[in-house]
Amino acid sequence: MSNDNNSPIELLEERHSHGGLQQVYSHFSEACQCKMTFAIFLPPQAKTGNCPTLTYLSGLTCSHANVMEKGEYRAAAAEHGIIIVCPDTSPRGDDVADEEVYYFGTGAGFYLNATQAPYAANYQMERYITDELPKLISQHFAVSDSKESIFGHSMGGHGAMTLALKNPGRYKSVSAFAPIATPNQSEWGRNAFTKFLGADEKVWRTVDTVSLLEDGATLPDTLVDQGLDDEFLPNLNPEALEAACAKAGVNLTLRRHEGYDHSYYFISTFMADHIGWHAKRLNG
């Protein structure tokens, strides 16, 4: 891997951890038309061969750094020989359209391709996550191209499931922590979809997990953990996800946990479970 001035990625940070390397890179994104940052953990097994990739999509207000610093994924990733990729949640920069609310714009790209001005110029997160970033990772790191899974938290759980629904056969498995299952029925999602995609709610169905399931799309094996003391539970609607998966024949494991909220205390508690669960499907 080259990090000279001609390289399309720039190494910003590197730390040794659990026998592997935690790194952070920046690059110019053609999809988002700005500099983007991502974190990647390379387990010790990546020194001698290609490894499966598990992409983590973060939630509202987050960047790559939140899960990198609080998610506690490295020990399990090193044990199972899995590369963890942590993209940012949105384009950023002075020239990127934004609003002063936490649930829209910077830190809240909703992993979709915006079609409405001024947001369409930069907010092409679906294309970035499913096309541009994986190609970049494949060019520079020892990944097994046919072994890929995806997971995420809250808005990132929404992203993980909708991207898997829209790309059948792409991901071996999907999981989520407290995902927004029906964003087209939540304050967060309705606000974002109106501005990113316009007022036609039929279009919103193409970026809503439950709607996609109702309209015939399907998921691979799916694991979801939900805290029952989650302060955002009315925006998440796990019951609708459970019902839609049952009707669609999706193999969903939905675990509910008394006392847990929406924070990284919750996520880090079950992170190793998720990585081990994905490892069985990526390596099996």
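Residues numbered from 1 in each chain as written. Predicted model: local features only at pLDDT ≥ 70, side-chain atom pairs only at ≥ 80, totals over all residues. Heavy atoms only, no water.

Draft legend 1. The packing of aromatic side chains, seen in detail. Under the definition given, this model contains 18 aromatic pairs. On the numbers, 5.8 Å between centres and 65° between planes, the contact of Phe 266 with Phe 270 is edge-to-face. Of the two residues, Phe 266 and Phe 270 both sit in helix 10 (residues 264-283), 4 residues apart, roughly one turn of that helix. Every member of this aromatic cluster is reached through a ring pair, and the members are Tyr 56, Phe 151, Phe 177, Tyr 260, Phe 266 and Phe 270. Across the ring face of Tyr 73, the terminal group of Arg 74 is positioned such that the distance to the ring centre comes to 4.9 Å. In this structure, Lys 195 is placed above the aromatic ring of Phe 104, and the distance from its NZ or CZ to the ring centre is 4.9 Å. (Phe/Tyr/Trp six-rings, centres within 6.5 Å; stacked < 30°, edge-to-face > 60°. Helix = DSSP H or I, 4+ residues; strand = E, 2+ residues; numbered from the N terminus. Lys NZ or Arg CZ within 6 Å of the ring centre and 35° of its normal.)

Draft legend 2. Layout of helix 4 (residues 155-166). Between its first and last C-alpha atoms helix 4 spans 16 Å; for 12 residues at 1.5 Å apiece the expected length is 16 Å, and the two agree. By the criterion of burial, helix 4 is predominantly enclosed, with 11 of the 12 residues buried. Turning to helix 4, its buried residues are Met 155, Gly 156, Gly 157, His 158, Gly 159, Ala 160, Met 161, Thr 162, Leu 163, Ala 164 and Leu 165. (Expected span 1.5 Å × (residues − 1). Buried < 20%, exposed > 50% of the residue type's maximum accessible area, 1.4 Å probe, protein only.)

Draft legend 3. Geometry of the pattern of salt bridges. All chains considered together, the criterion is met by 13 salt bridges. Two residues, Lys 195 and Glu 99, come together in a salt bridge whose shortest N-O distance is 2.7 Å. Note that Lys 195 is positioned in helix 5 (residues 187-197) and Glu 99 in the loop between strand 5 (83-87) and helix 3 (125-140), a separation of 96 residues in sequence. For Glu 99, a relative accessible area of 26% puts it in the partly exposed group. Lys 135 is paired through a salt bridge with Asp 131; the nearest N and O atoms lie 3.0 Å apart. In this pair, Lys 135 and Asp 131 are both assigned in helix 3, 4 residues apart and thus about one turn of the helix distant. Because the salt bridges share partners, they merge into one network encompassing Arg 205, Glu 214 and Asp 215. (Salt bridge = Lys/Arg side-chain N within 4 Å of Asp/Glu carboxyl O.)

Draft legend 4. Representation of the environment of Asp 221. Note that Asp 221 resides in the loop between helix 7 (209-214) and strand 8 (222-227). The exposure class assigned to Asp 221 is partly exposed, which follows from its relative accessible area of 26%. Sequence spacing of Asp 221 and Gly 169 is 52 residues, and the spatial spacing of their C-alpha atoms is 11 Å. In this structure Asp 221 touches Ser 173, Val 174, Asn 251, Trp 277 and Arg 281, once residues within four positions along its chain are discounted. Of the polar contacts made by the side chain of Asp 221, one reaches the side chain of Arg 281; its length is 3.1 Å. (Contact = heavy atoms within 4.5 Å. Polar contact = N/O pair within 3.5 Å; in protein donor to acceptor, adjacent residues only side chain to side chain.)

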